[in-house]
Amino acid sequence: MNSLRNSVRLVGNLGMDPEVKVFDSNKKMVRLSIATNESYKNDKGEKITDTQWHNLIFWGPQASLAEDLLKKGDELAIEGKLTNRNYTDKDGIKRYVSEIVVNEFLKVGAKG
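Remember, predicted model here, so these are calculated numbers, not experimental data.

1. Brief notes about the pattern of salt bridges
So, step 1. Under the defined criterion, the tally for this structure stands at seven salt bridges.
So, step 2. For Lys-28, the salt bridge identified is with Glu-67, shortest N-O distance 2.6 Å. Of the two residues, Lys-28 sits in strand β3 (residues 28–41) while Glu-67 sits in helix α1 (residues 60–69), which places them 39 residues apart along the sequence.
So, step 3. One salt bridge in this structure joins Asp-74 and Lys-71, with 3.2 Å as the shortest N-O distance.
So, step 4. Owing to a relative accessible area of 9%, Asp-74 belongs among the buried residues under this scheme.

2. Quick word on the pairing of strand β1 (residues 8–14)
Each regular strand shows side chains that alternate between the opposite faces of the sheet.
So, step 1. In this structure, β1 lies alongside strand β5 (residues 75–88), joined through six bridges in antiparallel fashion. When the bridges of β5 are listed, Asn-13 appears paired with Glu-75.
So, step 2. Where β1 lies against β3, two bridges are found, and the strand directions are antiparallel. Of the residues in β3, the one forming a bridge with Asn-13 is Ala-35.

Definitions and limits used
- Residues numbered from 1 in each chain as written.
- Predicted model: local features only at pLDDT ≥ 70, side-chain atom pairs only at ≥ 80, totals over all residues.
- Heavy atoms only, no water.
- Salt bridge = Lys/Arg side-chain N within 4 Å of Asp/Glu carboxyl O.
- Helix = DSSP H or I, 4+ residues; strand = E, 2+ residues; numbered from the N terminus.
- Buried < 20%, exposed > 50% of the residue type's maximum accessible area, 1.4 Å probe, protein only.
- Pairing = 2+ DSSP bridges.

What follows is the structure, given as structure tokens:
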């Protein structure tokens, strides 16, 4: 059960094209955002759709695949772990970020 302690699985649509960063050590990182939607009916019977945005981080070989295969609008299934970090922005304000470091991904509905 240890593998379940910090495991995230999502299916959603990409909100941006891959943002690629290559570090001095030639290590590649790709940043993406994914939207997940949940629909329900309110008290008046109206359909309400709640959209949540999630930040995704890909490293190494996964980053290269993401860079080559993914684009804004693609439907994607991911599995990864939730990470939290903080930084101080240029105005001196401390900011907090939650991200999912992706271990595996699959384009949903992709034609093979």
